[in-house]
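In case you want the letters, here they are:
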Number of protein chains: 2
Amino acid sequence: MTQAFKLNTQLDKDTHLLIEDENFLILLHKNATIPWVIIVPITDVIEIFELPNDVQKSLKTLTKQIAAFFKEEYSTEKMNIAAIGNIVSQLHIHVIGRKAGDACWPDVVWGNNYAFKKYSQEQIDSVALSLA
Amino acid sequence: MTQAFKLNTQLDKDTHLLIEDENFLILLHKNATIPWVIIVPITDVIEIFELPNDVQKSLKTLTKQIAAFFKEEYSTEKMNIAAIGNIVSQLHIHVIGRKAGDACWPDVVWGNNYAFKKYSQEQIDSVALSLA
């Protein structure tokens, strides 16, 4: 990284910052209807397969942790994990906990206009704590 | 794997088999409108982060190869890479080449009813050859 890393403004607007470490920003999507974390690797590559292997390994560990938390806290049954980037090109990985009967099931969440529910500060802190 | 691996019938129906090796089935989505490969790891785990690290490394290499091919052959600009599995739970990874102005742009392909175009046998062979 030759320049300071700056989070894309759309991602910034849509999420709460949970954690920032040397490799990633970990963001919580503001809509609590479906549990949804967005991981932003601190990098300027735009494709997930361009990440160094060790960063991909950390990403895997992190995803596992999020999945375990979502399963325990929100009884999710299946994870949707995706790097898309058609609208926001800054590399970001969606980690979404899904279950039968949720607001979008079985469709994907992207492009789906489902109801908005706010997180309480307590809930945000609890997610952050579980991933720290 | 204690039992013989069997490809999900929906995936089988939607795709052409390109390659089968010890770790993966590599499938080409039958709709040629948007270049789309589906990688099915030969496993019974259903989440991508449950794959062993070495299989994930191979998956990364393979994805890179597909992206390079799509870029050269179809001038794609951005890859959409995703493990969803809400409808078909057998683990499968979507590797999709996208570009501005394609039939779904900038939306995701899933749940999007866009026009169908058939691959010629020549084209199928050419994709298979490029990934062999």
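Residues numbered from 1 in each chain as written. Chains lettered and ligands numbered in written order. Predicted model: local features only at pLDDT ≥ 70, side-chain atom pairs only at ≥ 80, totals over all residues. Heavy atoms only, no water.

Chemist: How should I be thinking about the interface of chain B and chain A in this particular structure?
Modeler: In many reports, interface size means the accessible area that the parts give up when they come together. Taken together, the contacts link 30 residues of chain B with 30 residues of chain A. The contact between chain B and chain A buries some 2,600 Å² in all, and 57% of this surface belongs to carbon and sulfur atoms. On the chain B side of the contact with chain A, B:Phe49, B:Lys60 and B:Asn86 bury the most area, a combined 28% of that side's loss. The interface formed by chain B and chain A includes 2 salt bridges. A salt bridge links B:Glu47 to A:Lys78; its shortest N-O distance comes to 2.9 Å. Our enumeration of links across chain B and chain A arrives at 20 residue pairs in polar contact (both at pLDDT 80 or more). Of all the elements in the fold, those that place two or more residues in the side of chain B that touches chain A are helix 2 (53–74) and strand 4 (78–83) of chain B. Broken down by element, the side of chain B that touches chain A gets its largest block of residues, 7 residues, from helix 2 of chain B. Here the side of chain B that touches chain A is built from residues that sort into 16 nonpolar, 6 polar and 8 charged. Strand direction decides the pairing type here: strand 4 (residues 78–83) of chain A and strand 4 of chain B, joined by 3 bridges, are antiparallel. The partner of A:Ala82 across the bridge, within strand 4 of chain B, is B:Ala82. (Contact = heavy atoms within 4.5 Å. Buried area = accessible area lost by both parts, 1.4 Å probe. Salt bridge = Lys/Arg side-chain N within 4 Å of Asp/Glu carboxyl O. Polar contact = N/O pair within 3.5 Å; in protein donor to acceptor, adjacent residues only side chain to side chain. Helix = DSSP H or I, 4+ residues; strand = E, 2+ residues; numbered from the N terminus. Nonpolar A, V, L, I, M, F, W, Y, C, P; charged D, E, K, R; others polar. Pairing = 2+ DSSP bridges.)

Chemist: How should I be thinking about the relation of the copies chain B and chain A in this particular structure?
Modeler: A rotation about some axis, followed by a shift along it, carries one copy of the chain onto the other. Relative to chain A, chain B is turned by 180° and slid 0.0 Å along the rotation axis, the superposed coordinates differing by an RMSD of 0.0 Å. Between the two chains, the operation in question is that of a two-fold axis. Ranked by how close their C-alpha atoms come to the rotation axis, the residues of chain B are headed by B:Ala82, at 2.0 Å. Most of the interface of chain B is mirrored in chain A, where 100% of its interface residues are also at the interface. (Least-squares fit on C-alpha atoms with pLDDT ≥ 70 in both.)

Chemist: Would you take a moment to explain the packing of helix 2 (residues 53–74) of chain A against helix 3 (residues 121–131) of chain A for this structure?
Modeler: Residues and elements named next belong to chain A. Close contact between helix 2 and helix 3 brings their axes to 10 Å; oriented N to C, the two are set at 135°. Between helix 2 and helix 3, the angle falls in the class oblique. Handedness of the crossing formed by helix 2 with helix 3: right-handed. Contacts between helix 2 and helix 3 involve Gln65, Ile66, Phe69, Glu73 and Tyr74 from the first element and Ser126, Val127, Ser130 and Leu131 from the second. A breakdown of the residues in the contact of helix 2 with helix 3 according to their chemical character gives 5 nonpolar, 3 polar and 1 charged. (Axes fitted to C-alpha atoms, helices over the stretch in contact; angles between N-to-C directions. Parallel < 35°, antiparallel > 145°, perpendicular 65-115°, else oblique. Left-handed = near helix turned anticlockwise from the far one by under 90°.)

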